[in-house]
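Per-entry structural report
Below, each chain spelled out in residue letters.
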Amino acid sequence: MDWRKTKTIFIITFLILNIFLASQIFEKRDENQWSIITEATIEEQFEADEITYETLPKEPITESYISGKSYKFSVEDKEALEKKGQTVEIVNETVLVGAFNEPIPAPETDLETRLPQLLKDQLLFNEKYDYKTYRKGEKELIFFQSFKKGLIYSNNESGMLSLYLDDENNIVSYKQTLISDLEEMDEAQELITAFNALENLYNMNELKPGSHVTDVKLGYYTLVQITSSHVLTPTWHIVVNGEQDFFVNALEGQIIRKENRTLE
């Protein structure tokens, strides 16, 4: 065996290996630097367009799709409410419409805390809803169903409770739907960040120059409804200028829906 040739082959082989490893290191470093530059560029674009936002959630969040069913109100539910002094009608099994025989004065302050206490013995599943907002034009108090720590949003008012007021601010009637049997469908996945959601809105020309993002919260949005079955996706709910609501799929990043009136 010619050891000098063998030695030369080894040297050349190690040299090629070193060159390859060095190229991989430089490529990885360039990728990381490019990622930093890209993020900085987006922030700079926000600054140039005078787009501002409140403090955003930053910690990594993992969630999964969830499923549920439209609750079907029963004759027993109707009779139980009528015993409390209400006139009740069930529409298409899944919508409950009620009217109080004696109007209930609505609290003037601290609605989020006082309303649930006021109505805890008057409504079904009262504990499953969180107060969200008052729509003055419709004289309507809005509650959304909650799951874990997020609210459920829907195109068809599933999982929603509306209380209606008269001119004296008395609660006179309500409409209610419920999504039951809520459960996680698969293993939790890491969500896109709240900042990524804003970036997606900006890239789709939905976040306009001069905009101020007033609120960003994680909730769930009805992605699919087949008959009475629901599939909901984790969703970033973004409020811009206190006037517009945007919903961004927190797993896949696409914009789900835009509304022109605020839910706040």
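Residues numbered from 1 in each chain as written. Predicted model: local features only at pLDDT ≥ 70, side-chain atom pairs only at ≥ 80, totals over all residues. Heavy atoms only, no water.

1. A closer look at the environment of G68
Along the chain, G68 turns up in strand 3 (residues 66-70). For the pair formed by G68 and V231, sequence separation is 163 residues and the distance between their alpha carbons is 6.7 Å. With near-sequence residues (within four places) excluded, G68 lies in contact with I179, S180, D181, L182, S228, S229 and H230. (Helix = DSSP H or I, 4+ residues; strand = E, 2+ residues; numbered from the N terminus. Contact = heavy atoms within 4.5 Å.)

2. Some words on the pairing of strand 14 (residues 229-240)
Within strand 14, ten of the twelve residues are buried, leaving the element largely enclosed by the surrounding structure. In the sheet, strand 13 (residues 212-226) pairs with strand 14 via twelve bridges, with the strands oriented antiparallel. Paired with G219 across the strands is T235, a residue of strand 14. Counting the residues in the hairpin turn of strand 13 and strand 14 gives two residues, including T227, whose phi is positive at 50°. When strand 14 meets strand 15 (residues 244-249), the two strands line up antiparallel, connected through six bridges. (Buried < 20%, exposed > 50% of the residue type's maximum accessible area, 1.4 Å probe, protein only. Pairing = 2+ DSSP bridges.)

3. Brief notes about helix 3 (residues 111-119)
Those residues of helix 3 that sit buried are L111, L115 and L119. Summarising the axial view, the buried residues of helix 3 lie within an arc of 30°, below the 170-degree limit, and thus occupy one face. Looking at the buried positions of helix 3, the neighbouring elements they touch are strand 5 (95-105), strand 6 (129-135), strand 7 (140-147), strand 9 (160-165) and strand 10 (170-176). (Arc of directions from axis to C-beta.)

4. Overview of the packing of aromatic side chains
Here the structure, examined in full by the defined rule, presents twelve aromatic pairs. Ring plane angle 75° and centroid distance 5.1 Å describe the contact between F46 and Y202, whose orientation is recorded as edge-to-face. You can see F46 sitting in helix 1 (residues 3-48) and its partner Y202 sitting in helix 4 (residues 194-203), a full 156 residues away along the chain. The same class applies to F46 and to Y202, which are both buried. Here a set of aromatic residues connected by ring pairs shows up, and it is made of F46, Y53, F195 and Y202. (Phe/Tyr/Trp six-rings, centres within 6.5 Å; stacked < 30°, edge-to-face > 60°.)

5. Focus: unusual backbone geometry
At K139, a position not held by glycine, the phi torsion is positive, near 50°. Relative to the helices and strands, K139 resides in the loop between strand 6 and strand 7. Phi angles above zero are rare outside glycine, and N205 is one such case at about 65°. Structurally, the position occupied by N205 is in the loop between helix 4 and strand 13.

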